[in-house]
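Chain by chain, the residues:
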Amino acid sequence: MPKLDLSQIDIDAGTSYPGKLAETVSGRSWQALGDVGGITQFGVNLVFIEPGSASSLRHYHLQQDEFAMMTEGELVLVEDDGEVVMRPGDCAAWPAGQETGHHLVNRSNKRAAFLVVGTRTPSETVIYSDIDMMVTDAPGAESNFTRKDGSPLTADQIGDNK
C-alpha cells in the first residue's frame, strides 16, 4: 500500500474566481492528495483555511458529490438552513444535484483543515447561492463563469472596473 508523505506534497493556493470574488478564499490552500496518489475517479484534497477566510463562495454542484471531514481546528459550516460549528472528526456530505448552498468559514484565530472528497465528472455546473453566478466546466475548456441565466458577469459583480 503506497503511503503518501504529506511533508513531500506541495501546498497550492489560488482560485479561478474572477476579480474581487477571489478575496473570500485568499487564505485557502490545499494539498492534492488524490492527484499525487494517482487517483482518477474522484478528487481528494486536504484543505487549509486561515483565520478570516473561507473554503469557497457558498455553492452546490449539479453533477458531483462532495464529502468533507474536519481534521484540524474549527470551521463554521454555513448552509441554507443555518450554521453549525465543525471540529475534527465532524463530517458533512452533499449529494450531486442537492440544492444546498454550503461553504466552510474560519471565524477562529487558528488555521483549520478538512479533507474533501468529490466525484470527478467530465463536465460540471456549480451554482452560487448568495450571488448571481454559476460556473460550467467542460472537457478541454476553461471554467466559464456567468450569471445564472448564462449571460456574462458584469464588471460591478466582480469588481473589475478597468
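Whatever comes next refers back to the structure up there.
Just so you know, these numbers come straight off a predicted model, no measurement behind them.

Cut-offs and rules
- Residues numbered from 1 in each chain as written.
- Predicted model: local features only at pLDDT ≥ 70, side-chain atom pairs only at ≥ 80, totals over all residues.
- Heavy atoms only, no water.
- Helix = DSSP H or I, 4+ residues; strand = E, 2+ residues; numbered from the N terminus.
- Rg over C-alpha atoms; globule rule 2.2 N^0.38 Å.
- Buried < 20%, exposed > 50% of the residue type's maximum accessible area, 1.4 Å probe, protein only.
- Contact = heavy atoms within 4.5 Å.
- Areas by Shrake-Rupley, 256 points an atom, 1.4 Å probe, with all protein chains shown as cover.
- Lys, Arg positive; Asp, Glu negative; His and termini not counted.
- Charge placed at Lys NZ, Arg CZ, Asp CG, Glu CD.
- Core = buried A, V, L, I, M, F, W, Y, C linked by side-chain atoms within 4.5 Å.
- Pairing = 2+ DSSP bridges.
- Phe/Tyr/Trp six-rings, centres within 6.5 Å; stacked < 30°, edge-to-face > 60°.

Visitor: Break down the overall build of the protein chain for me, citing the residues and quoting the values.
Guide: Of the regular secondary structure elements, the protein chain holds 2 helices and 13 strands. The C-alpha radius of gyration computed for the protein chain amounts to 16 Å, which stays within 12% of the reference 15 Å derived for 162 residues, consistent with globular compactness. Referenced to the eigenvectors of the C-alpha coordinate spread, the extents of the protein chain come out at roughly 45 × 35 × 30 Å. Out of the 162 residues in the protein chain, the part that is buried amounts to 38%. Within the protein chain, counting contacts between residues at least 6 apart in sequence, those at least 24 apart form 60% of the total. In the structure as shown, the protein chain presents an accessible area of about 9100 Å², 51% of it carried by carbon and sulfur atoms. Within the protein chain, the 24 negative side-chain charges are centred at a point lying 5 Å from the centre of the 12 positive side-chain charges.

Visitor: Could you give an account of the nonpolar core, with specific residues and numbers?
Guide: In summary, soluble globular proteins display a tendency toward joint burial of nonpolar side chains. Counting residues in hydrophobic clusters, the biggest one holds 13 residues, and the most contacted among them are Met70, Leu75, Leu77, Met86, Leu104 and Phe114. In terms of residue count, strand β10 (residues 112-119) provides more of this core than any other element does, 3 residues in total. Setting aside chain neighbours within four positions, we find Leu104 in contact with Ser53, Ala54, Ser55, Leu75, Val76, Leu77, Met86 and Phe114. Formed by 11 residues, the second largest nonpolar core is a distinct cluster that contains Val25, Leu57, Phe145 and Leu153.

Visitor: How would you summarise the sheet that holds strand β2 (residues 28-32) if you had to cite specific residues and measurements?
Guide: One open sheet holds the 6 strands; their spatial order is β1-β2-β3-β10-β5-β8, and the pairing between them is antiparallel. Of all strands in the sheet, those with a lone pairing partner are β1 (12-13) and β8 (91-94), marking the two edges.

Visitor: Now, about the environment of Val84: what can you tell me, with residues and values included?
Guide: Tracing the chain through its elements places Val84 in strand β7 (residues 82-86). Residues Val84 and Leu104, spaced 20 residues apart in sequence, show a C-alpha to C-alpha distance of 9.6 Å. Sequence-distant contacts of Val84, that is, excluding residues within four places in its chain, are made with Leu75, Val76 and Leu77.

Visitor: Please give an account of the packing of aromatic side chains that cites residues and values.
Guide: Scanning all chains against the criterion turns up 2 aromatic pairs. Taking the centre distance of 5.8 Å and the plane angle of 80° together, the rings of Tyr17 and Tyr128 count as edge-to-face. Here the residue Tyr17 occupies a position in the loop between β1 and β2, and Tyr128 occupies one in strand β11 (residues 124-128), the gap between them amounting to 111 residues. A relative accessible area of 5% places Tyr128 in the buried class.

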